[in-house]
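So you can see what is in the structure, the chains are spelled out below.
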Amino acid sequence: MNAQVRTEMAPALPPPRRTSGLILWLRQNLFATPTDTVLTIVGALFILWVGPPLVEFLLTKAVWPGGTVEDCRIEAAGACWAYIGARFNFFIYGFYPIAEYWRPNVVFALAALLIVPLAMPKAPYKLINALLFFVVLPVVTVVLLGGGWFGLRPVPTDQWGGLLVTLIISYVAILGSLPLGILLALGRQSNLPVIKTLCTAFIELWRAVPLITVLFMASIMLPLFLPQGTSIDKLLRALVGVTLFASAYMAEVIRGGLQAIPRGQYEAGASLGLGYWQRMGFIVLPQALKHVIPGIVNIFIALFKDTSLVSIVGIFDLLNTIQAGTSDTNWFSPHQAVTGYIFAAIIYWIFCFSMSRYSMFMERRLNTGHKR
Amino acid sequence: MASIDTARQAPTRRFSLNDPVFRGIFYQILVGVLVVLFITWIVNNTAANLQAQNKTSGFDFLGKTAGFDISFSLFPWSRASYYWEAFLVGLTNTMLVAVIGIFLATILGFTLGVARLSSNFIIARLATIYIETIRNIPLLLQLFFWYFAVLKAMPAVRDSLTLPFDTFINQRGLFVPKPIPDDAFTWVWLALIVGIVAWFGIGRWAKLRLYKTGRRFPVFLSGLALTIVLIAASWLLSGAHVTFEPPVLERFNFRGGIALPPEFVALAFGLVIYTAAFIAETVRAGILAVSHGQTEAAQSLGLKESDRLRLVIVPQAMRVIVPPLTSQYLNLTKNSSLGAAIGYPELVNVFSGTALNQTGRAIEIIAMTMAVYLTLSLLTSAIMNWYNARVALVER
C-alpha cells in the first residue's frame, strides 16, 4: 500500500542546454557540420582577402574632396573622390548653364516632395497627389527646364545631362508606359480579335528585341517616319523609344494582375449594368493594379537601369557624363576611371535598392495570406 | 392585372452602337482602318524622305563587298567579304558569347541561389551581398567597368600576368593554350557519344524495371562510370593524345594558343556576373516555392536526404524555376547586344553599326537585326510552352 509514494526529493535535473547565446549561435550558424566549418573558413578567408584592400581603397587611402590631383597621382593613393567632388556638378546637371542650376534643383525638390507621400500607403489625398505628380509636375518640369516662358532663358535639351537626364528619362518612361501598358494589357485581354492581335503583336515585338536596337531605331528611323522637314529632338527620340519599350513590359505585368481578378468581379460589374470602361475603371483595374504594384516597381527598377543605354545613342545621361569624365586630363590619375564608375554605381545602386526595398514592403503589405 | 411576360425575346440586331455585337465589329474596323492609315502615312513619309536623301532601298547590298575589318570572327573574314557574311559573323559572335555566358551564368547562378539559402551565416550573407549589389547596378556600367577600368588597365603584352596552365592576361586579352587532338582522338569522341547513348538506355531500362519490380537502379553512377570507362578504354587503346599548344610571347604579341580579345572577355564576364545574380534569385524563389509540407511528407515516407531532394524537392522547384530561367537566358542573349558599346563585334555592332553606317540602308538592316532577336525569342517561347505543357501539374 505504500510502494507508490516517494519519500525523498528527486535529484534536481541539470539546467536545459543552451537555447540562446553566442556559442550556440556560432555552432548552429557557422560550425553545424564539417562541411559547414570548411565553408565558414573559406568565406572568412575570402572576406579577409577582399575586405581590407577594399576599405583601404575606398576609404582610408582615398583622396577626399579638397585633395588635389597630385595627391591622386601618388602610387599608394586609393579612390580619387577629389575628382568626383570637382566634377560633381557635371555629373548631376551635365552642360546645364551654371547660373540656371536652381531650375533643376526646384524640379528635384518638387519631385521628391510629391513622390514621398505618393509612396506612403497611409498618406491622405492620394488622388490630388497623383494628379500633381503625373499631370502638373511634367508641365512644370518642361517649363522650368526648357525655359522660353515667363522670361526664363531657353535651355536646349542637348545641354541637359547627367543624373538630371537619367531621372527625366525614367520619369517620362514611367509616366508614358503606365497608361500605354494598361491600354495594351486591356487590349490583349479583349475578346475583339483584331484589337487582341494588334496588341499581342505589339507587345511581343517590343519584348523580343533588345533595347539598344529600339534606341537605334528611334534615333535613326523615327526622323524617316515623320513628314519631311520635321526635326525631332534627340532626347525626345530616345524618350519615345524607351517609353514604347517599357510599355510592352508594363502591359505584361498588368495583364498578370488582370488575370488574377476572379471572373465574378467582371460579371458583377456587368450585372450592375456598367459599360466596359466603367467596369474596367471602377472595378477591375483598381484591384488589378494594386495586386501588381511590386511588379510595376520592378519594371521601374529595370527601366531606371536601362536608361543608361541612351548613352550609346549619344545622350549625356549619368553614365555618359561619367564616361566623358574619364578623359578629363586635368584629373588624369591612375584611379580616375575606376572612381567615376564606382560613384555612378553607388548612385544607381541607391535608387534601385531603395525601389526594390519599397517593392518588397508593398508585397508584404498586400500579401495578407497566411505564411509559414 | 397584366401578366408579366417572362419569355425571353431574342435580341434584335440593330445597326446601332447600343448593340454589343455591332459595336464590337464597328470598333475593330475603326481601329483596323486607323492602323492601316497610320502605317501608310509612315511608309509614305519614309519613301519621301528616302527620295529626298537620294537613298535607294532593297536587300541588294547584302551581295556587295563590305570592305571593313572585324576584329574577331569565328570564320575567315577579310575586307573582301560580303555584307551577308558580316551578318553571319555578327550572328555567330552573338551566339558564341550567349552560349558561353548562359553556360557559366547557370553554374554561378545556381551556386549563388543555393548559397543564399544556406544555413551557414557567412556564406548566405556573402551571396546576399553579391546578389543585391550586382542586381542594382546597370549592366552597361558594369561592362564599362570590366572593359575600361579592369581589362584596359591590365599590363602591356611584355608584362602579361601569368595565370596557371600557361594562361596569360594582358591589355590585348586572354591567351589560353589551344588543345590539338590528333586523328586517333576521333575514337574518344565516338566513345563519348556511345557512353551518353548507353546512359540514356540504362535510364530507360531502369525506369521499366522500377515500374515492374519496384527495385531501383543507380542510373547516374552506373552511366557515369560506363562513360568514363569507355572513354578511358578508347583513349588507351587508340593511343590518342592531345597536345596543348601554349601561347608563346614573341616580340610584339603572343603567338599560338587561343587569343580571346578583351572585348569578348569583358562582355562574357560582365554578362555572367550580372545574369548569375538574377538566376540566383530565380533559383531561390523556386526552392522557397516548394512548400515545407513536401519535405515533411517525404521525410515521413522515409526517403533519405538525397532522395528527398532529387525526387521531391527539385522536380517541383524546377517547375517554378525553368520559365523565369529561360527568360533570363533570353535576357542574356539580348543583353549581349551591349557588346556594341565596348566594341565587341556582335550582331548590333557589326550589322546595325558598321554596315548601317556604310550602306545607309537603315530600314533593311534594323529590320534584319530585329528579326533575328524576334526569331530567337519566339523559338524560346515555343520551347518554353512545350516544356510547360510537359511538366504542368496534372489536375482533375
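Residues numbered from 1 in each chain as written. Chains lettered and ligands numbered in written order. Predicted model: local features only at pLDDT ≥ 70, side-chain atom pairs only at ≥ 80, totals over all residues.

(A) Broad picture of the overall build of chain B. Looking only at helices and strands, chain B has 12 helices and 8 strands in total. Scaling as 2.2 N^0.38, a compact globule of 396 residues should have a C-alpha radius of gyration of about 21 Å, whereas chain B reaches 29 Å, well beyond that. The dimensions of chain B, computed from C-alpha atoms along their principal axes, are 105 × 75 × 45 Å. Within chain B, the fraction of its 396 residues that count as buried is 27%. Sequence-distant contacts, at least 24 apart, represent 66% of the contacts inside chain B between residues at least 6 apart. (Helix = DSSP H or I, 4+ residues; strand = E, 2+ residues; numbered from the N terminus. Rg over C-alpha atoms; globule rule 2.2 N^0.38 Å. Buried ≥ 20, exposed ≤ 12 C-beta atoms within 10 Å, placed from the backbone. Contact = placed C-beta atoms within 7 Å.)

(B) Structural context of the overall build of chain A. A count of helical and extended segments in chain A gives 15 helices and 0 strands. Its C-alpha radius of gyration of 28 Å places chain A more than 25% over the 21 Å reference for a compact globule of 372 residues. The principal-axis extent of the C-alpha atoms belonging to chain A is close to 115 × 75 × 40 Å. Across the 372 residues of chain A, 33% fall into the buried class. A fraction of 66% describes how many contacts in chain A between residues 6 or more apart in sequence connect residues 24 or more apart.

(C) Spotlight on the sheet that holds strand E1 (residues 161–163) of chain B. All names here are of chain B. Sheet architecture is open: 4 strands sit in the order E1-E2-E3-E8, paired in antiparallel fashion. Each edge of the open sheet carries a strand with a single partner, namely E1 and strand E8 (258–260). Across the sheet, the mean angle separating the axes of adjacent strands is 20° when strand polarity is ignored. As judged from the 3 bridges shared by strand E3 (residues 173–176) and E8, these two strands associate in the antiparallel manner. Pairing of Phe-175 across the sheet is with Ala-259, part of E8. (Pairing = 2+ DSSP bridges. Axes fitted to C-alpha atoms, helices over the stretch in contact; angles between N-to-C directions.)

(D) Geometry of the interface of chain A and chain B. Tallying the contact residues gives 46 residues for chain A and 47 residues for chain B. If one sorts the elements of the side of chain A that touches chain B by residue count, helix H15 (residues 336–366) of chain A sits on top with 10 residues.

(E) View of the domain arrangement of chain A. All names here are of chain A. Split by domain assignment, chain A resolves into domain 1 (96–155) and domain 2 (158–365). A straight line from the C-alpha centre of domain 1 to that of domain 2 covers 19 Å. Those elements that provide at least two residues to the side of domain 1 that touches domain 2 are helix H5 (102–119) and helix H6 (126–146). With 3 residues, the single largest contributor to the side of domain 1 that touches domain 2 is H6. In terms of residue class, the side of domain 1 that touches domain 2 is made up of 9 nonpolar, no polar and no charged. (Domains from an automatic or database assignment. Nonpolar A, V, L, I, M, F, W, Y, C, P; charged D, E, K, R; others polar.)

(F) Representation of the pairing of E3 of chain B within the structure. Residue and element names in this part refer to chain B. Looking at chain direction, strand E2 (residues 167–170) and E3 are connected through 3 bridges and run antiparallel. Within the sheet, the bridge partner assigned to Asn-170 lies in E3 and is Gly-173. Hairpin connection of E2 to E3: 2 residues between the antiparallel strands.

(G) Fine view of the pairing of E2 of chain B. Burial along E2 of chain B is one-sided: the face carrying Phe-168 and Asn-170 of chain B is buried and the face carrying Thr-167 and Ile-169 of chain B is not. The turn linking E1 of chain B back onto E2 of chain B is made up of 3 residues, and Phe-165 of chain B within it adopts a positive phi angle of 60°.

(H) A look at the confidence of the model for chain A. In the predicted model, chain A carries a mean pLDDT of 84, and the fraction of residues at 70 or more is 98%. Per-element averaging of pLDDT across chain A places helix H3 (residues 69–73) of chain A at the bottom with 78 and helix H7 (residues 162–189) of chain A at the top with 90. (pLDDT = per-residue confidence, 0-100.)

(I) Looking closely at the packing of helix H2 (residues 83–116) of chain B against helix H9 (residues 305–335) of chain B. Residue and element names in this part refer to chain B. At their nearest, the axes of H2 and H9 sit 9 Å apart, and the two run at 140° to each other. In terms of their interaxial angle, H2 and H9 are classed as oblique. For the element pair H2 and H9, the recorded crossing hand is right-handed. Mapping the contact onto sequence places Ala-98, Gly-101, Ile-102 and Ala-105 in H2 and Tyr-329, Leu-332 and Thr-333 in H9. For the contact of H2 with H9, the class distribution of residues is 5 nonpolar, 2 polar and no charged. (Parallel < 35°, antiparallel > 145°, perpendicular 65-115°, else oblique. Left-handed = near helix turned anticlockwise from the far one by under 90°.)

(J) Geometry of the packing of H7 of chain A against helix H8 (residues 193–208) of chain A. Residue and element names in this part refer to chain A. Between H7 and H8, the shortest axis-to-axis distance is 7 Å and the interhelical angle comes to 130°. Taken together, the axes of H7 and H8 lie oblique to each other. As for how H7 packs across H8, the hand of that crossing is left-handed. Along its contact with H7, which presents Leu-184, Gly-187 and Arg-188, the element H8 presents Ile-195, Lys-196, Leu-198, Cys-199, Thr-200, Phe-202 and Ile-203. In the contact of H7 with H8, the residues fall into 6 nonpolar, 2 polar and 2 charged.

(K) Structural view of helix H14 (residues 318–325) of chain A. Buried residues dominate H14 of chain A, accounting for 7 of its 8 residues. If you check which residues of H14 of chain A are buried, you get Leu-318, Leu-319, Asn-320, Thr-321, Ile-322, Gln-323 and Gly-325 of chain A. Structurally, H14 of chain A contributes buried residues whose contacts are with helix H4 (81–93), H7 and H15 of chain A together with helix H4 (139–151) of chain B.

(L) Region of the structure containing the confidence of the model for chain B. Residue and element names in this part refer to chain B. For chain B, the mean per-residue pLDDT works out to 83, and 95% of the residues sit at or above 70. No element of chain B has a lower mean pLDDT than strand E7 (residues 254–255), which averages 73, and none a higher one than helix H3 (residues 121–135), which averages 91. As scored by the predictor, the complex reaches a pTM of 0.84 and an ipTM of 0.86.

(M) Structural detail: the environment of Gly-58 of chain B. All names here are of chain B. Mapped onto the secondary structure, Gly-58 falls in the loop between helix H1 (20–52) and H2. We classify Gly-58 as exposed; it has 8 C-beta atoms within 10 Å. A C-alpha to C-alpha distance of 17 Å links Gly-58 and Met-370, two positions 312 residues apart in sequence.

(N) Region of interest: the environment of Leu-224 of chain A. With respect to the element layout, Leu-224 of chain A can be found in helix H9 (residues 211–225). Through-space distance from the C-alpha of Leu-224 of chain A to that of Gly-256 of chain A is 36 Å; in sequence the pair is 32 residues apart.

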